[in-house]
Protein chains: 2
Amino acid sequence: MLDYQAPLRDMQFILEALAGLERIGELPGCEDASSDLVSAVLEEAGKFAAGVLAPLNPVGDRQGCRLEGERVSVPDGWQAAYDQFRDAGWIGLSLPPEHGGQGLPKLVSTPVWEMWFSANMAFAMLPQLNVGQTEALMIAASEEQKAIWLEKVVSGEWAATMNLTEPQAGSDLAATRMRAEPTDGGAYRLFGQKIFISYGEHELTPNIVHLVLARLPDAPPGVKGLSLFLVPKYLLDERGEPGPHNDIHCIAIEHKMGIHGSPTCTLSYGDDGGALGYLVGEPHTGLATMFVMMNEARFNVGVQGVALGERAYQAALAYARERVQGRDIVTGEVGLPILAHPDVKRMLVSMRVRLMAMRGLLYSAAGWFDLARHHPDAEVADKYRRYVDLLMPVAKGWCTEVGNDLCDEAIQVFGGMGFVEETGVAQLFRDARVITIYEGTTGIQANDLLGRKILRENGATLRELIADIRETAGQLESHANLGGLAQSLHDQANLLEESTDWLLERRADTADLYAGAVPLLHLLGIACGAWQMARLALVAQAGHEQGEGDAEYLQGLIELTRFYMATQAPQAYAHGHTLRHAGAVLARFPEGGL
Amino acid sequence: MLDYQAPLRDMQFILEALAGLERIGELPGCEDASSDLVSAVLEEAGKFAAGVLAPLNPVGDRQGCRLEGERVSVPDGWQAAYDQFRDAGWIGLSLPPEHGGQGLPKLVSTPVWEMWFSANMAFAMLPQLNVGQTEALMIAASEEQKAIWLEKVVSGEWAATMNLTEPQAGSDLAATRMRAEPTDGGAYRLFGQKIFISYGEHELTPNIVHLVLARLPDAPPGVKGLSLFLVPKYLLDERGEPGPHNDIHCIAIEHKMGIHGSPTCTLSYGDDGGALGYLVGEPHTGLATMFVMMNEARFNVGVQGVALGERAYQAALAYARERVQGRDIVTGEVGLPILAHPDVKRMLVSMRVRLMAMRGLLYSAAGWFDLARHHPDAEVADKYRRYVDLLMPVAKGWCTEVGNDLCDEAIQVFGGMGFVEETGVAQLFRDARVITIYEGTTGIQANDLLGRKILRENGATLRELIADIRETAGQLESHANLGGLAQSLHDQANLLEESTDWLLERRADTADLYAGAVPLLHLLGIACGAWQMARLALVAQAGHEQGEGDAEYLQGLIELTRFYMATQAPQAYAHGHTLRHAGAVLARFPEGGL
């Protein structure tokens with residue numbers, strides 16, 4: 001079994017040095033987030049993740065879930081762990097205090113969620129749904145609905161789900177068919193089938209609150225005819241307690257390659273007269289609300305990328321330090337661990353640098369969420385809201401792709417022992433494979449980035465971001481020994497600038513452009529990673545110059561940044577070349593050539 | 001379940017246009033390989049692969065193998081399929097006629113093995129071992145040994161294995177501990193444990209012939225003290241038939257992420273007085289002979305890369321043509337299959353072009369094997385032997401890495417349906433994960449390429465290859481509409497040349513260089529792929545100009561080549577940059593930075 005230790009040093013360093021924890025803690029509503037409190041929260045979460053959740057991860061993989069009749073059983077230990085998790089108040093960490101949450105900034109909850117996902121992703125998907133659902137209800141639910149449902153969801157007394165996908169409606173929600181018919185009492189009766197519903201059925205909680213996309217009888221076609229309904233598994237009795245079973249039935253669970261501990265359900269609504277549900281928000285505006293929940297989920301899936309990568313890295317590093325094999329390529333010495341081989345060291349440093357780059361981007365983005373929500377200056381808040389919007393598809397798309405790469409590389413470090421299941425890295429690799437798919441595939445993220453986030457606003461926010469990157473490059477120039485890094489970062493900024501110009505000039509050739517959407521996403525991800533690494537190097541250099549901190553750790557950060565520029569940054573050029581040249585070939589590629 | 005259809009058109013095209021089937025058929029000893037016969041063989045193999053082996057592939061994955069006592073059971077249908085496979089004479093296709101084989105060139109057997117691996121890799125690993133073992137015995141066994149064993153191995157009446165790995169000796173065979181003690185009768189008694197032995201135990205055949213690396217009592221330490229032994233599961237009686245059970249016991253089988261249909265065994269030798277075995281070749285020369293077997297196996301593992309990629313591509317293309325989702329990004333039309341989305345088309349064309357590039361390289365290399373073995377002009381034979389030696393680690397390392405990428409991309413095309421096991425692409429993805437590991441990891445291949453194949457001969461063969469690539473680039477220049485491709489290929493040649501110069505200049509900085517070994521392997525793989533694609537484009541263009549062939553297919557090949565230059569070729573630059581810049585950072589990277 002793989003051990004897990006929360007990387008507290010890296011987390012704290014990035015929180016403070018890159019993501020501006022101090023600044024966030026000064027925002028109105030975020031005053032609780034003192035450095036001491038944050039340290040205590042992270043330490044406590046680290047213990048829970050390592051001690052309770054991590055040991056259950058292989059159990060979940062081996063046992064999986066079972067459907068017996070309509071009853072879904074989850075792995076041994078899930079119930080006890082959930083009870084502890086809920087009772088410790090972890091679900092409400094960043095949720096509204098007025099509904100029982102602790103109201104800490106997203107910046108603080110982000111590393112905590114990273115830990116849950118590192119320790120046991122299949123488990124952590126359950127409480128994650130409560131967070132997303134709370135965000136959606138906060139925006140769209142009536143005060144009465146909030147009063148009835150929110151406290152239970154925030155505390156985790158009841159579980160939550162999101163119901164979007166149907167067999168014919170996957171990436172394309174316009175094809176949704178689920179119907180909702182009004183009843184005399186103001187509620188609705190729902191009919192139809194939803195698939196791929198994570199934790200759609202289980203008995204871990206006395207009730208499950210489903211948020212369901214469906215169409216009203218007068219709905220216009222397409223996504224503008226989708227309404228959102230709250231549909232509980234058990235209807236509430238007069239005391240607000242779970243009463244009769246609603247007309248929702250789990251008719252199948254998926255046999256998946258990974259995340260076996262998480263039941264993926266097919267839910268049938270309305271086989272027996274209709275499942276009773278309640279409209280949330282205005283008719284036909286369901287998608288917008290669901291997007292709130294989905295955006296929350298997308299960011300969290302990006303965090304899953306770094307989380308699984310971190311667990312894989314820890315496993316690979318431990319193995320590379322322990323496994324003795326071969327002789328030193330220079331000295332011929334035997335009896336050394338494989339970490340002494342240049343290629344194994346290359347793999348581990350390459351994993352670590354990508355972890356730090358991803359974490360730099362994700363935690364910075366978490367801070368931008370908080371600034372957008374809480375900053376008193378509307379202009380500042382708006383800037384960071386736009387940054388979040390622009391980079392959300394990158395946070396999701398790039399970090400999940402890289403997360404998969406890291407799990408893959410960890411197996412390579414393990415060699416044959418990585419391919420057998422007992423070492424546990426194979427599970428990480430299998431689990432990770434879903435993250436570039438769910439909550440919108442990488443292709444969907446890339447289309448969103450290109451169309452809604454860049455072209456629609458003529459690249460305005462992207463240019464603002466490029467200016468910020470150049471500013472960091474300028475700061476690097478003032479340190480003699482970081483000059484090479486300054487040039488590398490300027491190069492990335494130039495590449496981004498040229499790519500933006502090219503996109504805007506060619507915006508009429510839609511098909512060509514969209515063929516380059518995924519390369520564009522990678523390019524922007526790599527460039528943002530370079531930016532964050534450069535910021536890390538600046539802080540490390542300042543620490544050096546002031547004689548503060550652990551000199552070896554700080555030197556490691558500077559060398560990591562150099563390694564990033566030598567190995568990751570050049571890939572941005574390859575993606576840039578592909579962006580500019582592949583679309584035209586693809587557009588004229590003959591069908592018969594496939 | 002996934003259908004499989006042998007890609008006969010592509011195979012034949014590459015055999016004839018790139019790999020020189022006609023020229024090979026004129027070599028002494030290869031005269032049987034007429035175009036008609038080859039077509040008939042491929043067609044027959046395609047039927048067997050699609051009709052018999054492919055349907056068993058998911059069965060093998062679901063059922064896996066079981067160890068009960070010392071008995072290993074294989075999946076349902078394995079026995080009947082093996083009996084048919086053996087009776088049809090497929091095992092001896094390219095093996096020596098004097099021992100019952102058909103003696104066809106390797107060029108002909110290569111696409112046939114591609115089909116077996118596409119259809120059912122876990123199954124095809126069994127007969128593949130007979131081919132490798134035959135090659136080894138042909139080189140090192142005594143005439144008496146050949147007479148006793150070879151006919152049974154060539155026909156497949158008995159199965160074969162290779163026994164290298166021990167718990168402490170994986171990539172590092174110098175650490176091998178298995179002992180062999182001489183007996184009075186001239187045979188040896190073996191003691192020790194071997195792990196990761198594919199098809200180490202089963203009852204598909206009445207005997208199993210193990211080739212085992214072990215140490216004689218007077219063996220020097222390290223790899224120069226390894227001897228090779230033939231150790232049968234059942235000792236032969238006076239009639240040469242399987243008699244008493246040898247002292248070999250299967251004590252465990254691995255629980256693996258993929259290739260569940262192939263039992264991976266831990267074999268214990270000599271628990272009861274010693275397993276009787278026979279020395280093959282001279283004492284202490286076992287590794288050289290085993291390398292013959294391993295080189296055969298490495299080439300075949302490269303073929304597994306293209307084979308699994310082909311199966312994944314076929315699945316993804318079929319799904320992309322059938323699955324309706326979303327609206328056309330330009331026209332807004334609905335009801336179109338997802339292949340109409342630029343990003344999905346990008347993935348499929350990108351899969352196809354890499355398949356063709358890999359196949360071009362592998363089939364060309366198969367032809368070089370034949371030229372090296374059969375060409376009457378010693379200088380020509382020598383050139384191609386050196387080409388084979390140089391590119392074997394690339395054929396194995398690059399094609400397996402790319403094969404994994406293709407299986408990964410196929411899952412992405414399937415989206416959520418790729419993550420559930422029922423569609424079958426998840427199996428391909430899991431199965432493929434072993435191919436960059438077994439028979440030497442990508443890192444081991446890369447070290448071999450850099451050290452033994454480039455530095456040791458001062459890059460001589462590599463420069464010869466670069467000259468060949470430049471010649472192809474020169475030929476492209478003479479076609480007006482292929483001029484862009486000529487430039488791209490020249491660029492690849494320049495990059496190779498500069499990288500070679502750099503390596504040779506820096507050869508004293510061993511640790512730095514080896515940190516770049518894997519990037520170098522990728523660089524050379526991509527450049528060789530570019531070369532093969534350029535050769536395909538030349539042939540296609542000639543066909544166009546002469547009005548021969550299927551114009552759409554030929555145009556597809558030219559556009560594929562353009563697509564390769566737009567998407568794959570630029571990655572070679574990124575690897576070149578990494579090669580030159582990462583090693584120095586890595587060499588000084590502080591341990592505390594990990």
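Because the structure is a prediction, the values reported are computed rather than measured.

J.: Summarise the overall build of chain A; cite the residues concerned and give the values.
T.: Summing up its helical and strand segments, chain A has 18 helices and 12 strands in all. Relative to the compact-globule value of 25 Å for 594 residues, chain A shows a C-alpha radius of gyration of 24 Å, a close match. Counting over 594 residues, chain A shows a buried share of 61%.

J.: Please give an account of the domain arrangement of chain A that cites residues and values.
T.: According to the domain assignment, chain A contains domain 1 (159–285) and domain 2 (442–589). Placing the centre of domain 1 of chain A and that of domain 2 of chain A at their C-alpha centroids yields a distance of 41 Å.

J.: Can you tell me about the relation of the copies chain B and chain A, naming the residues and giving the values?
T.: Superposing chain B onto chain A requires a rotation of 180° together with a translation of 0.0 Å along the rotation axis, leaving an RMSD of 0.0 Å. When the rotation and shift are considered jointly, the pair of chain copies conforms to a two-fold rotation axis. When you check the interface residues of chain B against chain A, 99% turn up at the interface there too, and the contact is symmetric in its surfaces.

J.: Lay out the interface of chain B and chain A with the relevant residues and their values.
T.: Listed by partner, the interface residues are 72 residues for chain B and 71 residues for chain A. A per-class count over the side of chain B that touches chain A returns 34 nonpolar, 23 polar and 15 charged.

J.: Which residues make up the environment of Glu203 of chain A, and what values go with them?
T.: Among the secondary structure elements, Glu203 of chain A is positioned in the loop between β5 (188–198) and β6 (208–214). Sequence separation between Glu203 of chain A and Ala159 of chain A is 44 residues, and the spatial gap between their C-alpha atoms is 9.6 Å.

J.: Before we move on, can you summarise helix α12 (residues 442–454) of chain B with the specific residues and values?
T.: Residue and element names in this part refer to chain B. The largest bend in α12 is about 25°, located at Asp448. Counting buried positions over the 13 residues of α12 gives 11, a clear majority of the element. Taken together, the buried positions of α12 are Thr442, Gly443, Ile444, Gln445, Ala446, Asn447, Asp448, Leu449, Leu450, Lys453 and Ile454.

J.: Summarise the packing of helix α14 (residues 483–505) of chain A against helix α18 (residues 569–587) of chain A; cite the residues concerned and give the values.
T.: Residue and element names in this part refer to chain A. Relative orientation of the contacting elements α14 and α18 amounts to 15°, with a least axis distance of 11 Å. When the axis of α14 is compared with that of α18, the two are roughly parallel. Regarding α14 and α18, the two cross each other, and that crossing is left-handed. Mapping the contact onto sequence places Ser488, Gln492, Leu495, Ser499 and Trp502 in α14 and Ala569, Ala572, Tyr573, Gly576, Leu579 and Arg580 in α18. Of the residues contributing to the contact of α14 with α18, the split by class is 6 nonpolar, 4 polar and 1 charged.

J.: Hey, could you go over unusual backbone geometry for me, with residue numbers and the actual values?
T.: Positive phi outside glycine occurs at Phe196 of chain A, with the angle close to 60°. Here Phe196 of chain A lies in strand β5. Judged by the 24 C-beta atoms lying within 10 Å of it, Phe196 of chain A is buried. In this model, His284 of chain B sits at a positive phi of 65°, which is unusual for a non-glycine residue.

J.: Tell me about the nonpolar core, and name the residues and values.
T.: Phe229, Ala316 and Ala410 of chain A together with Phe229, Ala316 and Ala410 of chain B are the most contacted members of the largest nonpolar core, which totals 420 residues. If sequence neighbours within four positions are ignored, Phe229 of chain A has contacts with Ala180, Tyr188, Leu190, Val212, Ala214, Gly277, Tyr278, Leu279 and Val280 of chain A.

J.: Lay out helix α4 (residues 78–87) of chain A in plain terms, naming residues and giving numbers.
T.: Residue and element names in this part refer to chain A. Within the sequence span of α4, burial applies to Trp78, Ala81, Tyr82, Phe85 and Arg86. Axial view of α4: buried residues confined to an arc of 130°, hence all on one face. Facing away from the buried surface of α4 by more than 90 degrees, the exposed residues are Ala80 and Asp87. In this fold, the buried residues of α4 make contact with α3 (35–63), α5 (106–140) and α6 (143–155).

J.: Hey, could you go over the packing of helix α5 (residues 106–140) of chain B against helix α8 (residues 342–374) of chain B for me, with residue numbers and the actual values?
T.: All names here are of chain B. Packing of α5 against α8 brings their axes to within 8 Å, and their N-to-C directions diverge by 145°. Crossing geometry of α5 relative to α8 is assigned as right-handed. From α5, Lys106, Leu107, Thr110 and Pro111 reach across to α8, where they touch Leu362, Tyr363, Ala366, Gly367, Phe369 and Asp370.

J.: Provide a residue-level description of the confidence of the model for chain A, including the pertinent values.
T.: On average, chain A scores 96 in pLDDT, and the residues at 70 or more come to 100%. The complex model carries a pTM of 0.98, and its ipTM stands at 0.97.

J.: Explain the environment of Tyr514 of chain A to me, using residue names and the numbers behind them.
T.: On the secondary structure map, Tyr514 of chain A appears in helix α15 (residues 510–515). Given 25 C-beta atoms within 10 Å, Tyr514 of chain A falls into the buried group.

J.: Hey, could you go over the environment of Gly367 of chain B for me, with residue numbers and the actual values?
T.: Residues and elements named next belong to chain B. For Gly367, the location among the structural elements is in helix α8. Here the alpha-carbon distance between Gly367 and Val108, two residues 259 residues apart in the chain, equals 8.8 Å. For Gly367, the residues in contact, after removing those within four places along its chain, are Ala19, Gly20, Ile24 and Leu107.

J.: Please provide a residue-by-residue account of the pairing of strand β6 (residues 208–214) of chain B, values included.
T.: All names here are of chain B. Extensive coverage of β6 is indicated by the burial of 7 of its 7 residues. Burial along β6 is two-sided: the residues Ile208, His210, Val212 and Ala214 and Val209, Leu211 and Leu213 are all buried. Note that strand β3 (residues 159–163) and β6 share 5 bridges and pair parallel. Counted as the bridge partner of Met162 is Leu211 from β6. Sheet topology places β6 next to strand β7 (residues 227–232); 6 bridges connect them, and they run antiparallel. Across the sheet, the residue bridging to Leu213 is Leu228, located in β7.

J.: Please give an account of the pairing of strand β12 (residues 275–280) of chain A that cites residues and values.
T.: Residues and elements named next belong to chain A. With 5 of 6 residues buried, β12 lies mostly within the body of the structure. By the bridge criterion, 3 bridges tie β5 to β12 in an arrangement that is antiparallel. In the sheet register, Arg189 faces β12, and the bridge partner there is Leu276. In terms of strand pairing, strand β7 (residues 227–232) meets β12 through 3 bridges, oriented antiparallel.

What counts, and at which threshold
Residues numbered from 1 in each chain as written. Chains lettered and ligands numbered in written order. Predicted model: local features only at pLDDT ≥ 70, side-chain atom pairs only at ≥ 80, totals over all residues. Helix = DSSP H or I, 4+ residues; strand = E, 2+ residues; numbered from the N terminus. Rg over C-alpha atoms; globule rule 2.2 N^0.38 Å. Buried ≥ 20, exposed ≤ 12 C-beta atoms within 10 Å, placed from the backbone. Domains from an automatic or database assignment. Least-squares fit on C-alpha atoms with pLDDT ≥ 70 in both. Contact = placed C-beta atoms within 7 Å. Nonpolar A, V, L, I, M, F, W, Y, C, P; charged D, E, K, R; others polar. Bend = angle between axes of the 7 residues up to and from the residue. Axes fitted to C-alpha atoms, helices over the stretch in contact; angles between N-to-C directions. Parallel < 35°, antiparallel > 145°, perpendicular 65-115°, else oblique. Left-handed = near helix turned anticlockwise from the far one by under 90°. Core = buried A, V, L, I, M, F, W, Y, C linked by C-beta atoms within 7 Å. Arc of directions from axis to C-beta. pLDDT = per-residue confidence, 0-100. Pairing = 2+ DSSP bridges.

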